[in-house]
Amino acid sequence: MNNRKSIIDTALELFNELGAGTVTTNHIADAAGIRPGNLYYHFRNKTEIISTIMEGLFSLWDEVFQLPVNRTPSVKDIERMVADNYALIWKYRFFFREQAILLRQDCKLQKRYQEVRQRGHEGFAALIESFVEAGVML
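Parameters at a glance
- Note that residues are indexed from 1 along each chain, following the sequence as it is written.
- Totals for whole chains, interfaces and linings use all residues, but because this is a predicted model, local features are given only for residues with pLDDT of at least 70 and pairs of side-chain atoms are given and counted only at 80 or more.
- The side-chain values count all of the structure's non-hydrogen atoms but skip hydrogen atoms and water molecules.
- Here, nonpolar core means buried Ala, Val, Leu, Ile, Met, Phe, Trp, Tyr and Cys residues that are tied together by side-chain atoms lying within 4.5 Å of each other.
- Here's how the labels work: a residue is buried when its accessible area is under 20% of the maximum for its type, exposed when over 50%, partly exposed in between, all with a 1.4 Å probe on protein chains only.
- Strands are runs of DSSP state E lasting at least 2 residues, helices are runs of H or I lasting at least 4, and numbering of each runs from the N terminus.
- As used in this structure description, the phrase polar contact means that two N or O atoms lie within 3.5 Å; if the pair is within protein, one of them must be able to donate a hydrogen and the other to accept it, and residues adjacent in sequence are counted only when both atoms belong to side chains.
- Only heavy atoms matter for contacts: two residues are in contact if any of them lie within 4.5 Å across the pair.
- Expected helix span is taken as 1.5 Å per residue step, with the number of steps being one fewer than the number of residues.
- Think of the arc as the fan of directions from the helix axis to the C-beta atoms.
- Salt bridge, as used here: a side-chain nitrogen of Lys or Arg that lies within 4 Å of a carboxyl oxygen of Asp or Glu.

A. Looking closely at the nonpolar core. Residues Phe-15, Ile-28, Ile-49, Ile-53 and Phe-94 are the most contacted members of the largest nonpolar core, which totals 31 residues. If you list the elements that add at least two residues to this core, you get helix H1 (3–18), helix H2 (25–32), helix H4 (46–64), helix H6 (93–105) and helix H7 (107–133). It is H4 that provides the largest number of residues to this core, a total of eight residues.

B. Expanded view of the side chain of Asn-16. In this fold, Asn-16 is placed in helix H1. Residue class for Asn-16 comes out buried when judged on its relative accessible area of 8%. Reaching out from Asn-16, the side chain makes a polar contact with the backbone oxygen of Lys-91 at a distance of 2.8 Å. For Asn-16, the contacting residues outside a window of four places in its chain are Trp-90, Lys-91, Tyr-92, Arg-93, Phe-94 and Arg-97.

C. Geometry of helix H5 (residues 75–91). Between its terminal C-alpha atoms H5 stretches 24 Å, which fits the 24 Å expected from 17 residues at 1.5 Å a residue. All of the buried residues in H5 are Asp-77, Met-81, Asn-85 and Leu-88. On an axial view of H5, the arc spanned by its buried residues comes to 65 degrees, and they lie on one face. Turned more than 90 degrees away from the buried face of H5 sit Val-75, Lys-76, Tyr-86 and Trp-90, all of them exposed. Against the buried residues of H5 lie H4.

D. Highlighting the pattern of salt bridges. On inspection of all chains with the given rule, the structure shows nine salt bridges. Ionic pairing is found between Glu-48 and Arg-44, a salt bridge with its closest N-O pair at 2.9 Å. Close ionic contact of Glu-55 with Arg-112 constitutes a salt bridge, the shortest N to O distance being 2.8 Å. With Glu-55 in helix H4 and Arg-112 in helix H7, this residue pair connects regions lying 57 residues apart in the sequence. For Glu-55, a relative accessible area of 34% puts it in the partly exposed group. Among the charged side chains, a salt-bridge network with shared partners connects Glu-55, Lys-111, Arg-112 and Glu-115.

Written as structure tokens, this is what we have:
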């Protein structure tokens, strides 16, 4: 495993276990088995590590909530989306636990999160519209 991925995986694990506010870059480097200088080679600070972790979540959300293009979404599609979303919420639970603080501390992350959530709302509206068009909903 490369150091960058190891840092991200280790940070996510520590953030989930201990909370992002209490974990330092030195904790992450130590747990990843690398020197702090090596961590700083890949990331300037903890904020950048958190942003990178969140970009991973945003990318996974895009996959989870992808609607079928060649057919109307089915109940199975919805069940899969819900189950996969709950799995992501668990995997990235530190963020949902500390969301208000993390978004207040990082304006760039706040803006990205709002963009991603807006896409999510638009996708949900498209899902409902496809049900209306299929006669499943009024």
